[in-house]
Amino acid sequence: MKKHGFLYELRKNKALFLMAAPAVLLTFFLAYLPMSGLVLAFKNFNYSLGVFGSAWNGFDNFAYLFQSGTGWLITRNTILYNLMNLITSQFVAVIVAIIISEMVGRLYKRFVQSVIFLPYFISWVIVGIFAYNLFNYETGVLNGLLRAMGSEPLNLYTSENAWMWVFIICLFNMWKWTGYNSIIYIAAITGIDAECYEAADIDGANIFHKIWYITFPAIRPTIITMILLQVGRILRGDFEMFYQLVGSSGQLFQVTDVIDTYVFRSLATSGNLGMTAAASFYQSAVCFILVIVVNKIVSKIDQDSALF
Amino acid sequence: MKKFQKFLALVLVLALAVTVFAGCSGGSGSGSAAGGSGSGSGDLPDVDNSQAVNLTMYFISDKPGKWDEVEANYNKLFQEKLNTTLTTQWIAWSDYGNKYPLLFSSGEEFDLAYTATWLSYASLAQKGAFKELDDIWPKYAPNNWAQQSEAAKIQATVNGHYYCIPTLLATYSAYGPYYRTDLLDDSEWDGAMEGFDDLETYLDAIKAKYPEMQPYGVTMSGSELDDMWLGANSLYAIRGTSWLFIDPFADEPKLTTWYQYDGVMDFLTMMKRWCEKGFWSRSALSNAGNNEMDNGIFCVDVHNVDTYSGKVINEYNDPKGWTWGYKNWVKDVSNLPFTQDACVIPTTTKHADRALQLYDYITTDEEGYRAFMNGIEGTTYEIVDGQVRTLNADQDYGSTGMWAARNSKFNLPTEGSPEDEQEMKAEWDAYIAENGNRHSQYYSGFTIDTTSIETEYNACGNVVQQYWWPLELGFTDDLEAGLKEFQSQMEAAGVNKVIETLQAQLEDYIKNFPPES
């Protein structure tokens, strides 16, 4: 097979190149060019010298992340929370999608879908206020119920009870994202050829057989793509969620602190651009490695489902 | 392999592209740095007002809709008196963080600008962004120079030279509880509020009468009772940190933090007792704050006198039948740094003499001051019984963002402000005048430079929030153990290096600017 040069390709497929050009240019200007700012992570930033004129300072900016062992703790928390959220929100979303698509009543189906989707539109600031009013020691709904039933009120904001926040946070995350994620799966399920189900009906399959042997395999590529995309964000805690739910309750930080909240707390007042850039660089670098590794694993198992 | 080579080629192309762009911005960056290095004043002639000049002033604020009318009004006056006009340039709040630093690196010609400690005044001065004022300040702004306090002049000094003109408006380190008095009108409460014991009596009385209230205001941003405790015990918290303090009366003050301080257990035991009495919620640190004070859930907090004054003015404008009281508990009252609002002359100006002359006129001549700070008499403001009444508030005349130009002599209280405010301020002024530039007043000139210890300093701030805040609010069961944990976390974060470095800076300060004996 004869190999052709780039110019030949360009001439031959000029319409295709033209069509791709806007997207390529946008990505280049909005995603690749700003990446040059990453040098900031290795600089002692000085306003009058600018990003590229400032002096280099090696890995000094990264040091504060790992000062007194916090780096490991917050990295662990971030990864575990994201894994939990991956399982809860994605898994539940798949189940919800299947249930909704199996529903018969059209109106009821729409209604359920809207209700599940609604939390997506509620800002974390509002959710934070919900949570505070639910769990507040003195006036919270939870403790009101406990008192009414004659048991001791529960103070969730102490270090002894901090572990409960793992479930609270995952629950809120699930509540907020399930509806949104399920939309994508519902779309995938709608795309499945109805003839498959009709054939299964004739063969005498029941509803569980159909879900297991038809629906699941059909939406597997979608599930894998969604998970791969989520893995790319695994080191980015949903800052707003943690910040609004926990606030400054120091006794919970051991359990609830993620990289983003730690960086925010440490640098909000000092405004050191180099250090914030370093934190962001650290997150991106680890995410990059994770995506490559997971993608490799996926392509070993199933070549067609891998992203690249 | 082929695939990999292609990929490598792509990476190289991208890298090249990035370096090309990097080269551009790098070039412009260094060029501007070179432009800002000259700062000598040279011999300037006496002010010659024969030429009409138009000066430009930059400051941070959002431009009000009808500012042009105000500007035309004061320019008529400036033209007549000094043959000068002034154009104001407003940097909007939304992007001052980007625009302000660029102002001095762009090489643009202008004549006056606002600066402040929180806008990195000291580091910009070191980088040569501002004109050195050693000779020209007393020469062209003699009235302003004469009214400056010693503390203010020290605060304006960077590397032995003056680079800014601090504000002439005195603000005070006075701090104390502002509290509602109407709640206990018909009870036996004696009205005393001289210290923590009185506050506890007050809070007990409130809690007995209104058990559903959480009377002391604590939210996500923490409580300031720790700072209050220091002030009430004649200790001085170093500006810029919330966890380092000194004894301002000691001959050789040592930087101290909470676990090194003898009185810490007294403080913590009191706070634990208050928490158990329900003066604040046990979940308070997760409360984002929803105006509880105005909604009648909180009724007391510690803050400065302006907050108290604001509450009283609110009540005047929109009466709810609430009355407020205020007491200062800080024993060794001092002025807050005067450089928290200041004026600079950029190195690019061509009219430093005229700029200083104009600034002198604005800050020290009542006519110039009123026109620039208050606006148009009869249209935007009028003075009633020594208080300023805002007129046509709905018409967006606004007021200037050049807060540095304020002067205690001319700055009048807003209509409806409390009567005792001026008395208290007079008391503090008398105390400061009597004590001279000593103790807290003297140390207010000391600012910390954390450049070399940024990592440790930030880590410590973080530990304070994680361990000290819950301890301070009485959320920790075992105080002794909690304090030990706090100490060990602080040490792991590098507190000793922080204290050592800052202690050396403090000693340098004492050596370079010896206090009055």
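Residues numbered from 1 in each chain as written. Chains lettered and ligands numbered in written order. Predicted model: local features only at pLDDT ≥ 70, side-chain atom pairs only at ≥ 80, totals over all residues. Heavy atoms only, no water.

Colleague: What should I look at first to understand a nonpolar patch on the surface in this one?
Modeller: Residue and element names in this part refer to chain A. A cluster of nonpolar side chains, namely Leu 229, Phe 288, Ile 289, Ile 292, Val 293, Ile 297, Ile 301, Leu 307 and Phe 308, defines an oily patch on the protein surface of about 930 Å² accessible area. It is helix α15 (residues 273–301) that provides the largest number of residues to the nonpolar patch, a total of 6 residues. Looking at the element boundaries, Phe 288 is found in helix α15. On the basis of relative accessibility, which here comes to 55%, the residue Phe 288 falls in the exposed class. (Patch = residues over 30% accessible without salt bridge, like charges linked within 9 Å, V, L, I, M, F, W, Y side chains within 5 Å. Areas by Shrake-Rupley, 256 points an atom, 1.4 Å probe, with all protein chains shown as cover. Salt bridge = Lys/Arg side-chain N within 4 Å of Asp/Glu carboxyl O. Helix = DSSP H or I, 4+ residues; strand = E, 2+ residues; numbered from the N terminus. Buried < 20%, exposed > 50% of the residue type's maximum accessible area, 1.4 Å probe, protein only.)

Colleague: Hey, could you run me through the pairing of strand β1 (residues 53–60) of chain B in this one?
Modeller: A regular strand places its side chains so that they alternate between the two faces of the sheet. Residue and element names in this part refer to chain B. The buried count for β1 comes to 7 of 8 residues, which makes it a mostly enclosed element. Examined bridge by bridge, β1 and strand β2 (residues 84–91) share 8 bridges and lie parallel to one another. Bridge pairing in β2 links Leu 55 to Leu 86. Following the chain from β1 across helix α2 (residues 67–82) to the adjacent parallel β2, one finds a crossover that is right-handed. When β1 meets strand β3 (residues 112–115), the two strands line up parallel, connected through 2 bridges. Residue pairing across strands places Met 57 opposite Leu 112, the latter belonging to β3. (Pairing = 2+ DSSP bridges. Right-handed = clockwise from strand over helix to strand, strands pointing away.)

Colleague: Would you explain the sheet that holds strand β12 (residues 342–344) of chain B in this entry?
Modeller: Strands in a sheet are paired, the pairing made by backbone hydrogen bonds, and the direction either parallel or antiparallel. Residues and elements named next belong to chain B. With respect to topology, 5 strands assemble into an open sheet ordered β2-β1-β3-β12-β6, the strand pairing being mixed. Each end of this open sheet is capped by a strand with a single partner; those strands are β2 and β6 (165–166). With 2 bridges connecting them, β6 and β12 associate as antiparallel partners. Following the sheet pairing, Ile 165 is matched in β12 by Cys 343. Against the sheet, helix α3 (residues 96–105) makes contact with β1, β2, β3 and β12, and its axis sits at roughly 135° relative to β2, the strand it touches most. (Contact = heavy atoms within 4.5 Å. Axes fitted to C-alpha atoms, helices over the stretch in contact; angles between N-to-C directions.)

Colleague: Just checking my understanding: could you explain unusual backbone geometry for this structure?
Modeller: Phi is mostly negative for residues that are not glycine, and the peptide bonds are mostly trans. Its identity as a non-glycine residue notwithstanding, Asn83(B) has a phi of 55°, on the positive side. Here Asn83(B) lies in the loop between α2 and β2.

Colleague: Teacher, can you tell me more about the packing of helix α5 (residues 70–102) of chain A against helix α9 (residues 164–190) of chain A here?
Modeller: The relative placement of two packed helices comes down to the angle between their axes together with the axis-to-axis distance. Residues and elements named next belong to chain A. For the pair α5 and α9, the least separation of the axes is 6 Å and the interaxial angle reads 45°. The pairing of α5 with α9 is recorded here as oblique in orientation. The hand of the α5/α9 crossing is right-handed. When the residues that make up the contact of α5 with α9 are grouped by side-chain class, the tally is 18 nonpolar, 9 polar and no charged. (Parallel < 35°, antiparallel > 145°, perpendicular 65-115°, else oblique. Left-handed = near helix turned anticlockwise from the far one by under 90°. Nonpolar A, V, L, I, M, F, W, Y, C, P; charged D, E, K, R; others polar.)

Colleague: Can you help me understand the pattern of salt bridges in this one?
Modeller: Oppositely charged side chains are able to pair whenever their charged atoms sit close together. What the rule picks out here adds up to 23 salt bridges over all chains. The residue Arg265(A) makes a salt bridge to Asp257(A) at a minimum N-O spacing of 2.8 Å. According to the relative accessible area criterion, Arg265(A) is buried, its value standing at 13%. Relative accessible area serves as the criterion here: at 3%, Asp257(A) is assigned to the buried category. Between Asp68(B) and Lys63(B) there is a salt bridge, with its nearest N and O atoms 3.6 Å apart. Residue classification places Lys63(B) among the partly exposed positions, given a relative accessible area of 45%.

Colleague: Is there a simple way to explain the nonpolar core in this structure?
Modeller: Generally speaking, soluble globular proteins have nonpolar side chains that are buried together. Residue and element names in this part refer to chain B. Tyr 202, Trp 258, Trp 280, Trp 468 and Phe 486 are the most contacted members of the largest nonpolar core, which has 91 residues in total. Top contributing element to this core by residue count: helix α16 (residues 454–472), with 9 residues. Setting aside its immediate chain neighbours within four residues, Phe 486 contacts Trp 258, Tyr 259, Val 463, Val 464, Tyr 467, Trp 468 and Leu 471. Ranked by size, the runner-up nonpolar core spans 61 residues in total, among them Phe 59, Tyr 100, Ala 129 and Ile 165. (Core = buried A, V, L, I, M, F, W, Y, C linked by side-chain atoms within 4.5 Å.)

Colleague: Even after reading the chapter, I still don't get α3(B), so can you show me in this structure?
Modeller: An α-helical turn contains 3.6 residues, so any two residues separated by three or four positions project in the same direction. Among the residues of α3(B), those classed as buried are Tyr100(B), Pro101(B), Leu103(B), Phe104(B) and Ser105(B). Just beyond α3(B), the residue with positive phi is Gly107(B), at close to 80°.

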